[in-house]
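Results of the structural survey
The lines below spell out each chain.
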Amino acid sequence: MTRTVQCARLNAELPGLDRPPVPGELGQKIYASVSRDAWMQWLSHQTMLINEYRLALADPKARDFLMKEMEKYFFGGDLTETGYVPPTEDG
């Protein structure tokens, strides 16, 4: 049987993650209250942040930035803008 969580991001009872996605307290918090769907949405958002800000994941400052953004994404706070504008139907 699939483990479900009350997703903090999507505000619904949904299937949870199989294990904490990151080490430490934040990983445990995400495991306990973030759904698989919300995690997949975060991965897309994270990719946009990495590309937009040209982050080098070997840089500890970049990893720290992403961890802070992850916490804001799931648990509230002002997210850093990516500048991404989705294409319109016109072009």
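Structure shown above.
In what follows, the accompanying structure is described. What you are looking at is a predicted structure, and each value in this text was computed from that prediction instead of being measured.

In this structure the tally under the stated criterion is 3 salt bridges. For K68, the salt bridge goes to D64, with nearest N and O atoms at 3.1 Å. Of this pair, K68 and D64 both sit in helix α3 (residues 60-75), 4 residues apart, which is roughly one turn of that helix. The exposure class of K68 is partly exposed, given its relative accessible area of 49%. A salt bridge links K72 to E69; the shortest N-O distance between them is 2.7 Å. Of this pair, K72 and E69 both sit in helix α3, separated by 3 residues, roughly a single helical turn. Owing to a relative accessible area of 26%, K72 belongs among the partly exposed residues under this scheme. The exposure class of E69 is buried, given its relative accessible area of 2%.

Moving on, we get to the side chain of H45. With respect to the helices and strands, H45 occurs in helix α2 (residues 36-52). For H45, a relative accessible area of 12% translates into the label buried. Contacts of H45, omitting those with residues within four sequence positions, involve Y73 and T82.

This part takes up the packing of α2 against α3. Interhelical geometry of α2 versus α3 gives an angle of 140° and a closest axis separation of 11 Å. Accordingly, the angle class assigned to the pair α2 and α3 is oblique. Here α2 and α3 pass one another in a crossing that is right-handed. Facing α2, whose interface residues are A38, W39, Q41, W42, H45, Q46, L49 and I50, α3 presents F65, L66, E69, M70, Y73 and F74.

Reading guide: rules and limits
Residues numbered from 1 in each chain as written. Predicted model: local features only at pLDDT ≥ 70, side-chain atom pairs only at ≥ 80, totals over all residues. Heavy atoms only, no water. Salt bridge = Lys/Arg side-chain N within 4 Å of Asp/Glu carboxyl O. Helix = DSSP H or I, 4+ residues; strand = E, 2+ residues; numbered from the N terminus. Buried < 20%, exposed > 50% of the residue type's maximum accessible area, 1.4 Å probe, protein only. Contact = heavy atoms within 4.5 Å. Axes fitted to C-alpha atoms, helices over the stretch in contact; angles between N-to-C directions. Parallel < 35°, antiparallel > 145°, perpendicular 65-115°, else oblique. Left-handed = near helix turned anticlockwise from the far one by under 90°.

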